[in-house]
Amino acid sequence: MRVLLTGSSGWLGRFMAPMLRRAGHQVIGLDVAPGADTQVLGSVADRALVDRVFAEHGIEAVIHAGGLHKPDIVRYPAQTFIDVNVTGTLNLLECAAAAGHDRFVFTSTTSLMISQAIRDEGGDSAVWLDETSGPLAPRNIYGVTKLAAEGLCRIAHAEHGLATVVLRTSRFFPEDDDTHATPSGENLKANELLHRRLTVEDAARAHLRALERAPAIGHGVFVVSAPTPFSPADAAALKADAPGVIARLFPDAAALYAARGWTLPATIGRVYDAGLADRVLGFRCRTDFAVVLDALRTGDPLPFVHDPDYLPTKERGG
Ligand SMILES: NC(=O)c1ccc[n+]([C@@H]2O[C@H](COP(=O)([O-])OP(=O)(O)OC[C@H]3O[C@@H](n4cnc5c(N)ncnc54)[C@H](O)[C@@H]3O)[C@@H](O)[C@H]2O)c1
């Protein structure tokens with residue numbers, strides 16, 4: 001298929017474009033920043049440009065991964081989030097529906113399930129989060145605009161029959177966390193694969209699977225994250241004594257971590273459950289916490305990218 005990939009110069013886009021090509025698709029990349037896989041430089045918020053891209057490139061399906069995300073909150077005003085994430089998504093959906101497409105994949109975020117109360121982690125138990133969680137009260141303009149865009153995907157299916165698959169993706173960024181300094185770097189990423197992270201390669205694979213399955217699904221919202229080893233029955237223990245729960249599931253984790261000078265999380269306050277994607281989308285991340293432990297055991301390279309200096313192309317200037 002001729003697939004329009006928005007955000008093709010981004011972190012996810014640069015993994016997704018070659019994967020799409022390997023799967024036999026032709027990729028037309030659209031991004032505000034240049035990149036190896038970006039043929040069209042411009043904004044999804046520019047309706048005339050989006051119309052032109054559809055007409056000139058004979059687009060047959062859209063993967064909409066481009067937009068502003070959490071690190072952009074300090075860089076752009078709220079109105080720009082609305083223009084890019086909401087109006088931009090509407091532009092693409094309307095063009096896809098008008099062109100008679102049968103599938104549209106939208107990159108959303110687990111962040112929109114995190115209210116201020118969940119973020120504060122004040123309760124006695126870890127909060128279990130899946131597609132049934134709600135009422136949703138996203139705590140910032142990023143989450144608010146992504147939730148609005150999800151709603152646009154839902155009504156595009158209801159009103160036009162366009163199959164829309166929304167992937168509520170957990171974190172896969174390569175840089176350090178902007179709010180947690182300890183533990184830093186690779187240690188934090190390894191810990192997060194227990195409950196709130198996936199690799200960028202798995203995120204890209206999830207989109208390919210969604211593209212394939214969308215017509216059979218109609219409209220669907222899926223949490224996409226590395227499969228958690230925990231169950232809802234662990235929620236209280238995770239909050240009080242996460243290392244105890246981890247020791248029960250992975251008896252050598254503490255020793256493997258100690259050998260590397262790493263620390264396990266003392267407490268875990270939220271868990272993303274990607275079970276629905278496994279059951280309905282037929283997608284399961286390949287890399288999880290057990291794969292990290294295997295790498296620690298064998299001395300193989302860690303199965304995820306850590307790049308503290310990563311800066312999106314659009315912010316590099318010059
Ligand atoms: N990185 C994460 O951990 C994470 C987690 C959950 C969801 N997501 C979502 O995944 C998607 C990809 O994120 P990423 O990590 O690759 O971020 P990124 O910033 O590296 O990539 C996003 C791309 O979108 C482009 N873009 C921005 N405004 C645009 C516009 N108006 N028109 C066209 N393109 C525009 C940017 O230039 C960038 O190349 C985003 O939708 C993001 O919200 C990311």
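Two elements in contact, helix α3 (residues 78–98) and helix α5 (residues 141–160), have axes whose closest approach is 9 Å; the angle formed by their N-to-C orientations is 15°. Between α3 and α5, the crossing angle belongs to the class labelled roughly parallel. Of the two possible hands of crossing, α3 and α5 adopt the one that is right-handed. Contacts between α3 and α5 pair Ala78, Phe81, Ile82, Asn85, Val86, Thr89, Leu90, Leu93 and Ala97 from the former with Ile141, Tyr142, Thr145, Lys146, Ala148, Ala149, Leu152, Cys153, Ala156 and His160 from the latter. A class-by-class count of the residues in the contact of α3 with α5 yields 14 nonpolar, four polar and one charged.

Taken together, 28 residues are adjacent to the ligand, and Leu12, Asp31, Tyr142, Lys146 and Phe172 come closest. Within the side chain of histidine 69, a nitrogen or oxygen atom sits 3.2 Å from an oxygen atom of the ligand. A distance of 3.1 Å is found between an oxygen atom of the ligand and a side-chain nitrogen or oxygen belonging to tyrosine 310. Across the complex, the protein chains shield 96% of the 810 Å² of accessible surface that the ligand would expose by itself. Put simply, the parts of the chain that give the shell around the ligand at least two residues each are α1 (11–22), β5 (104–109) and α5.

For any two helices packed against each other, the geometry comes down to the angle between their axes and how far apart the axes lie. Remark: helix α9 (residues 253–260) packs on helix α11 (residues 289–298), axes separated minimally by 10 Å, with the N-to-C direction vectors making an angle of 55°. It follows from the interaxial angle that α9 and α11 lie oblique. Helix-helix and strand crossings are classified by hand; for α9 and α11 the assignment is left-handed. Packed against α9, whose contacting residues are Ala253, Leu256, Tyr257 and Arg260, the element α11 presents Phe289, Leu293, Leu296 and Arg297 at the interface. Taken together, the residues that form the contact of α9 with α11 break down as six nonpolar, no polar and two charged.

Tallied over the full model, the rule gives one cavity of 30 Å³ or more. Within this model, the largest cavity holds a volume of roughly 50 Å³. Forming the boundary of the largest cavity are Phe172, Phe173, Arg197, Leu198, Thr199, Val200, Glu201, Phe304 and Val305.

A few words now on the sheet that holds strand β3 (residues 40–41). Taken in spatial order, the seven strands line up as β3-β2-β1-β4-β5-β7-β8 in an open sheet, and their pairing is parallel. For this open sheet the edge positions go to β3 and β8 (219–224), each flanked by a neighbour on one side alone. As judged from the four bridges shared by strand β1 (residues 2–6) and strand β4 (residues 61–64), these two strands associate in the parallel manner. Bridging across to β4, leucine 4 finds its partner in valine 62.

What counts and how
Residues numbered from 1 in each chain as written. Predicted model: local features only at pLDDT ≥ 70, side-chain atom pairs only at ≥ 80, totals over all residues. Heavy atoms only, no water. Axes fitted to C-alpha atoms, helices over the stretch in contact; angles between N-to-C directions. Helix = DSSP H or I, 4+ residues; strand = E, 2+ residues; numbered from the N terminus. Parallel < 35°, antiparallel > 145°, perpendicular 65-115°, else oblique. Left-handed = near helix turned anticlockwise from the far one by under 90°. Contact = heavy atoms within 4.5 Å. Nonpolar A, V, L, I, M, F, W, Y, C, P; charged D, E, K, R; others polar. Near = heavy atom within 4 Å. Polar contact = N/O pair within 3.5 Å; in protein donor to acceptor, adjacent residues only side chain to side chain. Areas by Shrake-Rupley, 256 points an atom, 1.4 Å probe, with all protein chains shown as cover. 1 Å grid on protein atoms, 1.4 Å probe; cavity = no way out; pocket = protein on both sides within 12 Å on 5 of 7 lines; lining within 4 Å. Points joined across faces, edges and corners; volume = space filled by probe spheres on them. Pairing = 2+ DSSP bridges.

Any functional reading would require information beyond the geometric quantities listed.
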